[in-house]
Amino acid sequence: MDYSQLGTLEHCLDEFTRRTLDGVVIRQVYSPEYMQEISSRIERHEPPFYIFPNMATAAEARKNKHLYGITLVAAGRDLNEYFRVAAGFRSHCHELFQDGADYEERMRQIFSVLGGGRAVVLPRNPDGQDYMPATVRILPAGAAIDLHCDNNLSHHPTYAHLKTVCDVGNQLSFFLTLNAPGGGGELVVYERRWSDRDDVGNEYVVSKDASMVEDSEWIALKPQPGDLILFAGGRIYHRVAPTEGNRPRYTLGGFLANAHEGKSLYYWS
Ligand SMILES: O=C(O)CCC(=O)C(=O)O
């Protein structure tokens, strides 16, 4: 679907809930030219986003996959670092998109249409601190993201509060492609669905054993710069294939779920 036809996707989040829809790609949420500009800022580490894992320089971090910002499951258990980084990330992200449509505002606008007009808000912890709105995933040549299914994330101790405010068991994943690699880097989504029996001892694991999907059908998606993918990453096993060539893969996104209070949608990373 093209961004200009967003209205036709009104209420489509209900279809995700009914499980009659697994994913949508919304094309040209931003222009490819603007994504090229954003990607060169990311490359130059401007603004100076927090890098995870912590490295002395962005150039050093470039050798391996890393994040700008930090995810809940990467953060320390007390979440002090997470909420501190979240505040800085938000202002850096506003700065990153300062001469175009603000990223958070655009995501909220899209999700509100898809949610039939529901409010789209960033959850807060009991101390009033905002969660991370998104993170940038940076995959240099040869890097990949192994098989996983995001419902598994909620076993991580850092999800304790979030679980009390929204339905993390049915979370969706959203990713805006900023830069696509020359080859590889496809998002591979499998027919294989999550079951809580997959999570031995209700434990969070960084990557699932590839044998889980060896008999499963799959499709490989390669959104282009400016395209936004929203899919049921909570229940669909997926991975990112190794990137090829010199161009790194940059995506910016996080997760979306219904708030337990029944009126809002929450997003976080
Ligand atoms: O970057 C992407 O396209 C997907 C990343 C992903 O699946 C994740 O980080 O959970």
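Residues numbered from 1 in each chain as written. Predicted model: local features only at pLDDT ≥ 70, side-chain atom pairs only at ≥ 80, totals over all residues. Heavy atoms only, no water.

## Side note on the site of the ligand
So, step 1. Around the ligand, the neighbouring residues are Arg-137, Ile-145, His-148, Asp-150, Phe-175, His-238, Val-240, Arg-249 and Thr-251.
So, step 2. Between the ligand and Arg-137 there is a distance of 2.4 Å, counted from an oxygen atom to a side-chain nitrogen or oxygen.
So, step 3. In this structure, an oxygen atom belonging to the ligand sits 2.9 Å away from a side-chain N or O atom of His-148.
So, step 4. When the ligand sits alone it has 290 Å² of accessible area, and the protein chains cover 94% of it.
So, step 5. Taken together, the residues that form the shell around the ligand break down as three nonpolar, three polar and three charged. (Near = heavy atom within 4 Å. Polar contact = N/O pair within 3.5 Å; in protein donor to acceptor, adjacent residues only side chain to side chain. Areas by Shrake-Rupley, 256 points an atom, 1.4 Å probe, with all protein chains shown as cover. Nonpolar A, V, L, I, M, F, W, Y, C, P; charged D, E, K, R; others polar.)

## Brief notes about the sheet that holds strand β10 (residues 218-221)
So, step 1. A sheet is described by the order of its strands in space; here four strands give the open sequence β6-β12-β9-β10, paired in antiparallel fashion. In this open sheet, the two strands that pair with only one neighbour each are β6 (145-148) and β10. The average angle at which neighbouring strand axes cross in this sheet is 20 degrees, direction not considered.
So, step 2. Pairing analysis gives two bridges linking β6 to strand β12 (residues 236-240), with the strands arranged antiparallel. Considered in β12, the bridge of His-148 is made with His-238. (Pairing = 2+ DSSP bridges. Helix = DSSP H or I, 4+ residues; strand = E, 2+ residues; numbered from the N terminus. Axes fitted to C-alpha atoms, helices over the stretch in contact; angles between N-to-C directions.)

## Some thoughts on the environment of Arg-77
So, step 1. Along the chain, the position of Arg-77 falls in the loop between β3 (66-68) and α4 (80-96).
So, step 2. The spatial distance from the C-alpha of Arg-77 to the C-alpha of Thr-164 is 17 Å, given a sequence separation of 87 residues.
So, step 3. If near-sequence neighbours (up to four positions away) are discounted, Arg-77 is found in contact with Pro-157 and Thr-158. (Contact = heavy atoms within 4.5 Å.)

## A closer look at the pattern of salt bridges
Between side chains of opposite charge, a pair can form when the charged atoms approach closely.
So, step 1. One pass over the full model with this rule turns up 15 salt bridges.
So, step 2. Here Arg-193 and Asp-22 are joined by a salt bridge, their closest N and O atoms 3.2 Å apart. Pair noted here: Arg-193 is in strand β9 (residues 187-193) and Asp-22 is in the loop between α1 (12-18) and β1 (23-26), with a separation of 171 residues, a long-range link.
So, step 3. A relative accessible area of 32% places Asp-22 in the partly exposed class.
So, step 4. Within this structure, Arg-90, Glu-104, Arg-108, Arg-124 and Asp-130 form a network of salt bridges that share partners. (Salt bridge = Lys/Arg side-chain N within 4 Å of Asp/Glu carboxyl O. Buried < 20%, exposed > 50% of the residue type's maximum accessible area, 1.4 Å probe, protein only.)

## A few points about the UniProt feature "domain: Fe2OG dioxygenase" (unreviewed entry) in the protein
So, step 1. This chain's UniProt record puts "domain: Fe2OG dioxygenase" (unreviewed entry) on residues 130-259.
So, step 2. Counting secondary structure, residues 130-259 comes out at 5% helix and 39% strand; the distance between its end C-alpha atoms is 15 Å. (UniProt positions renumbered as here; feature names shortened; annotations may be inferred.)

## Topic: the packing of aromatic side chains
So, step 1. Under the defined criterion, the tally for this structure stands at 12 aromatic pairs.
So, step 2. Summarising the aromatic geometry, the rings of Phe-83 and Tyr-131 are spaced 5.1 Å apart at their centres and angled 80 degrees between planes, so their arrangement reads as edge-to-face. Taken together, the residues span a long stretch of sequence, with Phe-83 in helix α4 and Tyr-131 in the loop between β4 (119-121) and β5 (135-139) at a distance of 48 residues.
So, step 3. Judged by relative accessible area, which is 7%, Phe-83 ranks as buried.
So, step 4. Ring plane angle 65 degrees and centroid distance 4.9 Å describe the contact between Phe-111 and Phe-174, whose orientation is recorded as edge-to-face. In this pair, Phe-111 sits in helix α5 (residues 103-114) while Phe-174 sits in strand β7 (residues 172-179), placing the two residues 63 residues apart along the sequence.
So, step 5. A relative accessible area of 1% places Phe-111 in the buried class.
So, step 6. Note on Phe-174: relative accessible area 0%, which makes it buried.
So, step 7. Taken together, the ring pairs connect Tyr-30, Tyr-34, Phe-97 and Tyr-103 into an aromatic cluster.
So, step 8. Across the ring face of Tyr-30, the terminal group of Arg-106 is positioned such that the distance to the ring centre comes to 5.3 Å. (Phe/Tyr/Trp six-rings, centres within 6.5 Å; stacked < 30°, edge-to-face > 60°. Lys NZ or Arg CZ within 6 Å of the ring centre and 35° of its normal.)

## What to know about unusual backbone geometry
Among all residues save glycine, negative phi is the norm, and among peptide bonds the norm is trans.
So, step 1. The omega angle of the peptide bond from Glu-46 to Pro-47 is -5 degrees, so this bond is cis rather than trans.
So, step 2. Inspection of the secondary structure assignment puts Pro-47 in the loop between α2 (32-44) and β2 (51-52).
So, step 3. Even without a glycine there, the phi angle at Gln-28 is positive, about 60 degrees.
So, step 4. For Gln-28, the location among the structural elements is in the loop between β1 and α2.

## Notes on the side chain of Arg-137
So, step 1. By the element assignment, Arg-137 lies in strand β5.
So, step 2. Of the side chains bearing the opposite charge, Asp-150 lies closest to the buried Arg-137, which forms no salt bridge; the N-O distance is 6.9 Å.
So, step 3. Here Thr-135 takes part through its side chain, which lies 2.6 Å from a polar atom of the side chain of Arg-137.
So, step 4. What Arg-137 contacts, discounting residues up to four positions off in sequence, is His-66, Leu-67, Thr-71, Ile-145, Phe-175, Arg-249, Tyr-250, Thr-251, Gly-253, Phe-255 and Ser-269. (Lys, Arg positive; Asp, Glu negative; His and termini not counted.)

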